[in-house]
Amino acid sequence: MSSRHRAAWPLVALFTAGYLASYLLPTLVGRLDDHLPLTTPQAGVLGSVLLLCSASAGFLLASRVERLGARRLSRAGLLLMAAGYGTAAATTVLPLVVAGAAVGGFGSGTTMTVAAGRIAARRDPHRASTLGLLAVSATAGALYLILPALGGGHGLPLAAVAVVALLVWPATGHLPDSRDPSVATVGSPLPHRRAGGVLAGAIVLWALCQNALWGVSGRIGTDQAGLSEAAVGAVFAAALGAGLLGILGASALGARFGRAAPIGVGTVLIAGCIAASARADGLTAFATGEIAWNTLYPAVLSYLIGLGAHLDPRGRWAVMVGSASALGVAFGPLAGSLLSEHAGFPVMGLVLGTTLVLLAAPLTLVAVHTTTRPLSFGLVRRGGLTATGTPPLPVPPLGTPEQPLAPLSVTGRHLTRRALSTAGPGTGPGAGGGAGDGG
């Protein structure tokens, strides 16, 4: 493992813990519905409460990570996850389950806030975010295979997230316990406010469209495509595997083609996949749409996270982008259920696809505007065109005459070692002990 990856692994671990609950949301909500006195909409609302608490933690703590300390805040988030999800898993008393899910969700958001902020400050935030998405996808995929073999009960998915939080705890020892002096001051203004606001607002709808389909994909497979539950599960397993390949592809591609093209083109392609999945009437169409969509979705998401990190090296926009995504995820299943119930699956897919095509324009414009600015004469920035918070270095205008060079005269035939040393206090002509002409 390279030194760069060794340095990134604590952040990847925190990223995995923070995102895991949202990745397990379908099985979590399904088990709450099956094993607790909750209706399907009520179980969905409980899942939305978890994600809303996660999003609120991100919005609340985005600008406070440095002041509170990354290590202290990440440990608080992991403790809230372990306590909240553990409590919800250990009881069937509904008020305690709801309270535990809310506390655990806030802990997930806190952990994700630290991970996103620290990833944004890295030299290559896109690579680190793709590693995080790869890790959480692999972990969730393994749990999807393991949990059914462990039996029923509403608490297994919740307990799994709590255990992962405890396993990640040692990674916090590699985080700074106080404010990082390498970044701007705590009171520095938030850069790119307009572009960041457009990005966060668009990502709410972007994530909502993705999870509106995900929330009803099982019903599309069984009710419209006529597949068995086992066949639908096999398609989902293949789709998760394809998602891992998509993340690996995004990691290998990096910023070779910039961010605008992968975000814009990828979003339009996702729109087509959603429309195709919603119209599926057989195994081939359903599997093709779901696998293609799951291949593209995490790859484009990694570029969106990287774009948020690019807007502010302190990670505040990256945190808000993640929180905005969680907000969209929270309301996605509800939107999908309402659209499919009142208009049918094909119309739902058309509405979601059209929305994504419209969102591709502002997302692409934000990426173009913030990553391809022309270089002005007389001004360069360290590290390229990105806003790093370092002051610009003035460059003399073109045509400025060169500064005259002072002639150096040497008397005598020999120079002492001191005469050739670097300038410093006590080495000038008036310094004692001789300087220029030893003989």
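Residue positions are given per chain, counting from 1 as you read along its sequence in written order. Since the coordinates come from a predicted model, pLDDT governs what is reported: local features require at least 70, and pairs of side-chain atoms require 80 or more to be given and counted, while whole-chain, interface and lining totals use all residues. Each side-chain value is derived from all of the structure's non-hydrogen atoms; neither hydrogens nor water enter the calculation.

1. Some remarks on the overall build of the protein chain
So, step 1. A tally of helices and strands in the protein chain yields 14 helices and two strands.
So, step 2. Sorting the 439 residues of the protein chain into buried and exposed places 46% on the buried side.
So, step 3. Any two residues whose heavy atoms approach within 4.5 Å at even a single point are treated as in contact. Considering only intrachain contacts with a sequence separation of at least 6, the fraction spanning at least 24 residues in the protein chain is 82%.
So, step 4. Carbon and sulfur atoms provide 67% of the accessible area of the protein chain, an area that totals close to 20,800 Å². In DSSP terms, a helix is any run of H or I states spanning at least four residues, a strand is any run of E spanning at least two, and both are numbered starting from the N terminus. Here the term buried applies to any residue with accessible area under 20% of the maximum for its type, exposed to any over 50%, and partly exposed to those in between, with areas from a 1.4 Å probe on protein chains only. Per-residue and other accessible areas were derived by the Shrake-Rupley procedure at a 1.4 Å probe size, with only the shown protein chains allowed to occlude residues.

2. Describing helix α8 (residues 155–168)
So, step 1. Multiply 1.5 Å by the residue count of a helix minus one, and that product is the helix's expected span. In this model α8 runs 20 Å from its N-terminal to its C-terminal C-alpha over 14 residues, within 8% of the 20 Å that 1.5 Å per residue would give.
So, step 2. Residues of α8 that are buried: G155, P157, L158, A160, V161, A162, V164, A165 and V168.

3. Focus: the packing of helix α12 (residues 283–311) against helix α13 (residues 316–343)
So, step 1. Working convention: axes come from line fits to C-alpha atoms, limited for helices to the stretch in contact. Angles between N-to-C directions cover 0 to 180 degrees. Where α12 contacts α13, the axes come no closer than 6 Å and their chain directions differ by 145 degrees. Seen from α12, the contacting residues are L304, G308, A309 and L311; seen from α13, they are W317, A318 and V321.
So, step 2. The nonpolar class holds Ala, Val, Leu, Ile, Met, Phe, Trp, Tyr, Cys and Pro. Asp, Glu, Lys and Arg form the charged class, and all remaining residues, Gly among them, are polar. Of the residues in the contact of α12 with α13, the class split is six nonpolar, one polar and no charged.

4. Looking at the packing of aromatic side chains
So, step 1. Each Phe, Tyr or Trp ring (for Trp, its six-membered ring) is paired with any other whose centre lies within 6.5 Å, and the angle between the two planes then decides the class: stacked below 30 degrees, edge-to-face above 60, tilted in between. Across all of its chains, the model carries seven aromatic pairs by this definition.
So, step 2. Members of the aromatic cluster, each reached through a chain of ring pairs, are W206, W214, F236, F286, W293 and Y297.

5. Structural notes on the environment of G289
So, step 1. By secondary structure assignment, the location of G289 is in helix α12.
So, step 2. In sequence terms G289 and G272 are 17 residues apart; their C-alpha atoms lie 8.5 Å from each other.
So, step 3. Setting aside chain neighbours within four positions, we find G289 in contact with C273 and S277.

6. So, the side chain of T111
So, step 1. By secondary structure assignment, the location of T111 is in helix α6 (residues 94–120).
So, step 2. Classification of T111 by relative accessible area gives buried; the value is 0%.
So, step 3. Ignoring sequence-local partners within four residues, the contact set of T111 consists of L14, A17, G18, S74, G77, L78 and M81.

7. Concerning the environment of A250
So, step 1. Here A250 shows up in helix α10 (residues 229–253).
So, step 2. Residues A250 and H126 lie 124 residues apart in sequence; the distance between their C-alpha atoms is 8.8 Å.
So, step 3. Ignoring anything within four residues of it in the chain, the contact list for A250 reads H126, T130, A299, S302 and Y303.

8. So, α13
So, step 1. The end-to-end C-alpha distance of α13, which contains 28 residues, comes to 39 Å, matching closely the 40 Å that a straight helix rising 1.5 Å per residue would cover.
So, step 2. The sharpest bend along α13 comes to roughly 35 degrees, located at F331, with the proline P333 sitting one to four residues further on. Here the bend at a residue is taken as the angle between two axes, fitted respectively to the seven residues that end there and the seven that start there.

9. Structural notes on the packing of helix α9 (residues 193–224) against helix α11 (residues 260–278)
So, step 1. One can describe the packing of α9 onto α11 by two numbers: an axis separation of 9 Å at closest approach and a directional angle of 25 degrees. By the angle between their axes, α9 is roughly parallel relative to α11. Handedness of the α9/α11 crossing: left-handed. Listed contacts from α11 to W206, C209, Q210, L213, I220 and Q224 of α9 are T267, I270, I274, S277 and A278.
So, step 2. Tallied by class, the residues present in the contact of α9 with α11 amount to seven nonpolar, four polar and no charged. Throughout, the term roughly parallel applies to angles under 35 degrees, roughly antiparallel to angles over 145, roughly perpendicular to angles from 65 to 115, and oblique to all others. The hand of a helix crossing depends on one turn: near helix anticlockwise from the far one by less than a right angle means left-handed, and clockwise means right-handed.

10. Concerning the confidence of the model for the protein chain
So, step 1. The predictor reports its confidence for every residue as pLDDT, a score running from 0 up to 100. Scored by pLDDT, the protein chain has a mean of 78; 80% of the residues are at 70 or more.
So, step 2. Contacts for the low-pLDDT stretch residues 182–186, under 50 throughout, to residues beyond four places or in other chains number ten contacts.

11. Comments concerning the side chain of E290
So, step 1. The residue E290 is located in helix α12 in this model.
So, step 2. Charge counting treats Lys and Arg as positive and Asp and Glu as negative, with His and both chain ends excluded. By convention in these notes, a salt bridge is any Lys or Arg side-chain nitrogen within 4 Å of a carboxyl oxygen on Asp or Glu. For the buried residue E290, which engages in no salt bridge, the nearest side chain bearing the opposite charge is R219, 12 Å off.
So, step 3. For this analysis, a polar contact is any N or O atom pair within 3.5 Å, provided that within protein one partner can donate a hydrogen and the other can accept it, and provided that sequence-adjacent residues contribute only side-chain to side-chain pairs. Separated by 3.1 Å, the side chains of E290 and S217 make a polar contact.

12. Examining the nonpolar core
So, step 1. We define a nonpolar core as any set of buried Ala, Val, Leu, Ile, Met, Phe, Trp, Tyr and Cys residues linked to one another through side-chain atoms lying within 4.5 Å. F15, L199 and W206 are the most contacted members of the largest nonpolar core, which has 112 residues in total.
So, step 2. Every residue in contact with W206, bar those within four places of it in the chain, is listed here: T267, I270, Y297, V300, L301, L304, L356, L359 and L363.

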